[in-house]
Amino acid sequence: MTHVGFLSKTIECKESRIGKQPITVPSNVTITLNGQDLKVKGPLGELSRTYPREVRLERDENGVIRVKKALESRRANQMHGLFRTLTDNMVVGVSKGFEKRLQLVGVGYRATVEGKDLVLSLGFSHPVRMAIPNDLKVKVEENTRIIISGYDKCNIGQFAASIRKWRPPEPYKGKGVRYANEVIRLKEGKAGKKK
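Cut-offs and rules
- Residues numbered from 1 in each chain as written.
- Predicted model: local features only at pLDDT ≥ 70, side-chain atom pairs only at ≥ 80, totals over all residues.
- Heavy atoms only, no water.
- Pairing = 2+ DSSP bridges.
- Helix = DSSP H or I, 4+ residues; strand = E, 2+ residues; numbered from the N terminus.
- Axes fitted to C-alpha atoms, helices over the stretch in contact; angles between N-to-C directions.
- Contact = heavy atoms within 4.5 Å.
- Phe/Tyr/Trp six-rings, centres within 6.5 Å; stacked < 30°, edge-to-face > 60°.
- Buried < 20%, exposed > 50% of the residue type's maximum accessible area, 1.4 Å probe, protein only.
- Lys NZ or Arg CZ within 6 Å of the ring centre and 35° of its normal.
- Expected span 1.5 Å × (residues − 1).
- Arc of directions from axis to C-beta.
- Polar contact = N/O pair within 3.5 Å; in protein donor to acceptor, adjacent residues only side chain to side chain.
- Core = buried A, V, L, I, M, F, W, Y, C linked by side-chain atoms within 4.5 Å.
- 1 Å grid on protein atoms, 1.4 Å probe; cavity = no way out; pocket = protein on both sides within 12 Å on 5 of 7 lines; lining within 4 Å.
- Points joined across faces, edges and corners; volume = space filled by probe spheres on them.
- Nonpolar A, V, L, I, M, F, W, Y, C, P; charged D, E, K, R; others polar.

### Thoughts on the sheet that holds strand S9 (residues 110–114)
A sheet is described by the order of its strands in space; here 3 strands give the open sequence S9-S10-S11, paired in antiparallel fashion. At either end of the open sheet lies a strand with only one pairing partner, and these are S9 and strand S11 (128–131). Here the average twist between neighbouring strands, direction ignored, is 20°. Note that strand S10 (residues 117–121) and S11 share 4 bridges and pair antiparallel. Bridge pairing in S11 links Asp117 to Ala131. Packing against the sheet, helix H3 (residues 153–164) makes contact with S10 and S11, and its axis sits at approximately 170° to S11.

What follows is the structure in C-alpha cells.
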C-alpha cells in the first residue's frame, strides 16, 4: 500500500475491487488499442473511448483486457473502477446490447412511436414529441410500457432519464413515468377531521 501525504493527512491508496477484475472479450468482438484510445467493434455496432492519463489498458495474449492505475493518487483510484466498468459496458454493449424499461402510470398516460419520434401523452395540453437517437430502438407495449434498447449503455440511460423527467412519479398516488423496477414510496395524504 502507498501513503500519499497532504498537510499531515495520510491517504491510503487501495486497489479498487471492481478495477482489479479482468474483462473477457467474446470471440465476435474485435478490439483496437492505440495508446489511450480504445475501439470496440461487435455485431451490434462500434464504440470508442479515450482514457485519461490516470489509467492504462493492458491486453494479454488470451484477449483479456485489464485496466491498471498509471499513478498513485486519489483521482487514479476513482478512475480505476469507473473506467473498468465503462470498458466492460462497451464490450457487453456491442456483443449483447442493453435495454431499459419504463412504465407510464396514470389515467390517460400513453406512448406511441411515430416514425423516428416517441410521442407521449402525459396530461399536458399538448403531446410531448421526442426524437429517438439513431443508435437506439424504442418499442411501446400496451400503450404504457416503453422499452429502449441499444448498444451504448450511457445513451440508453440518458434517453430514459429525459423521458422520465417530463413527469417524474409524484409521491401521493405514484402517477408519472417510472423505471420498470423502481419502487416509489408513497406518502399518506391529509386525513379528514376526526369527530
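Once you've had a look at it, read on.
### Thoughts on the sheet that holds strand S4 (residues 37–41)
In space, the 3 strands of this open sheet follow the order S3-S4-S5, with antiparallel pairing throughout. What marks the edges here is a single partner per strand, and that holds for strand S3 (30–34) and strand S5 (46–50). Averaged over all neighbouring strand pairs, the angle between strand axes comes to 10°, with direction disregarded. By the bridge criterion, 5 bridges tie S3 to S4 in an arrangement that is antiparallel. When the sheet's bridge partners are listed, Thr30 is paired in S4 with Lys41.

### Let's talk about the packing of aromatic side chains
The full count for this structure, using the stated rule, is 2 aromatic pairs. Measuring from centroid to centroid gives 5.4 Å for Tyr51 and Phe83, while their planes differ by 55°, and the two rings are tilted. Residue Tyr51 is located in the loop between S5 and strand S6 (55–59), and its partner Phe83 is located in helix H2 (residues 74–95); the two are separated by 32 residues in the primary sequence. By the burial criterion, Tyr51 is buried, and Phe83 matches it. When the ring centre of Tyr179 is taken as reference, the NZ or CZ atom of Lys100 above it lies at 5.3 Å. For Arg167, the ring lying beneath its charged end belongs to Phe124, and the centroid distance is 4.4 Å.

### Details of H3
Taking 1.5 Å per residue as the helical rise, H3 with its 12 residues ought to reach 16 Å, and the 17 Å between its terminal C-alpha atoms agrees with that figure. Within H3, the full set of buried residues consists of Ile156, Phe159, Ala160 and Ile163. When H3 is viewed along its axis, its buried side chains cluster within an angular range of 100° and face the same direction. Among the structural elements, strand S8 (98–105), S10, S11, strand S12 (136–141), strand S13 (145–150) and strand S14 (176–179) are those in contact with the buried residues of H3. Measuring from the backbone nitrogen of Cys154 back to the side-chain oxygen at the start of H3 gives 3.2 Å, which picks out Asp152 as the cap.

### Observations concerning the nonpolar core
In this structure, Leu118, Leu120, Ile146, Ile148, Phe159 and Ile163 are the most contacted members of the largest nonpolar core, which totals 20 residues. Aside from chain neighbours lying at most four places away, what touches Ile163 is Leu102, Leu118, Leu120, Met130, Ile146, Ile148 and Val177.

### A look at the pairing of strand S7 (residues 65–69)
For a regular strand, side chains alternate in direction, first toward one face of the sheet and then toward the other. Alternating positions in S7 separate cleanly, Ile65, Val67 and Lys69 being buried on one face and Arg66 and Lys68 remaining unburied on the opposite face. Two elements, S6 and S7, share 5 bridges in a ladder whose sense is antiparallel. For Arg56, the partnering residue across the bridge sits in S7 and is Lys68. In this antiparallel pair of consecutive strands, S6 and S7, the connection spans 5 residues, and Gly63 shows a positive phi of 90°.

### Section: the layout of surface pockets
In this structure, the largest pocket encloses a volume near 160 Å³. As for the largest pocket, its lining consists of Leu44, Lys96, Gly97, Phe98, Glu99, Asn134, Asp135, Leu136, Lys137, Ser149, Gly150 and Tyr151. Contributing elements (two or more residues each) for the lining of the largest pocket: S8, S12 and S13. The residue makeup of the lining of the largest pocket, split by class, is 4 nonpolar, 4 polar and 4 charged.

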